Amino acid sequence: MRGEFKSPVEGEGRITSGTVRSDGIAFHVDFSGGTATPGASAAFDFDCLVDASATTLDCTYKDSRGRTASLIFRREP
């Protein structure tokens, strides 16, 4: 997994690494070279479960400051 990643808060980042597991995916996004807001975190680590039937990724993440949260990515039609 590699490519661009856009966050409404952090700005533009880059997926720099990723792994596919039997139950989901994990990937790292680096915002330091993009248009990150001043004082923003430099990176996020996402750990996602995949629901293929619902076409969603149910993810938890940790930012480079150690804060954690969760989110769901939905595939656009």
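Residues numbered from 1 in each chain as written. Predicted model: local features only at pLDDT ≥ 70, side-chain atom pairs only at ≥ 80, totals over all residues. Heavy atoms only, no water.

**Side note on the pattern of salt bridges**
Part 1 of the reasoning: Enumeration according to the criterion identifies 3 salt bridges in this entry.
Part 2 of the reasoning: For aspartate 47, the salt bridge is made with arginine 21, and the minimal N-O distance between the two is 2.8 Å. Here the residue aspartate 47 occupies a position in strand E4 (residues 43-51), and arginine 21 occupies one in the loop between strand E2 (11-20) and strand E3 (24-30), the gap between them amounting to 26 residues.
Part 3 of the reasoning: A relative accessible area of 38% places aspartate 47 in the partly exposed class.
Part 4 of the reasoning: Close ionic contact of arginine 67 with aspartate 63 constitutes a salt bridge, the shortest N to O distance being 2.7 Å.
Part 5 of the reasoning: Of the residues examined, arginine 67 reaches a relative accessible area of 43% and is grouped as partly exposed. (Salt bridge = Lys/Arg side-chain N within 4 Å of Asp/Glu carboxyl O. Helix = DSSP H or I, 4+ residues; strand = E, 2+ residues; numbered from the N terminus. Buried < 20%, exposed > 50% of the residue type's maximum accessible area, 1.4 Å probe, protein only.)

**Here we look at the sheet that holds strand E1 (residues 3-7)**
Part 1 of the reasoning: Strands sit in the order E1-E2-E3-E4-E5-E6 across an open sheet of 6 strands; the sheet is antiparallel. Bordering the open sheet on either side are E1 and strand E6 (68-74), each of which pairs with just one other strand. Neighbouring strand axes in the sheet, compared pairwise and without regard to direction, differ in orientation by 35° on average.
Part 2 of the reasoning: With 7 bridges connecting them, E3 and E4 associate as antiparallel partners. In the strand pairing of E4, phenylalanine 27 is matched with phenylalanine 46. (Pairing = 2+ DSSP bridges. Axes fitted to C-alpha atoms, helices over the stretch in contact; angles between N-to-C directions.)

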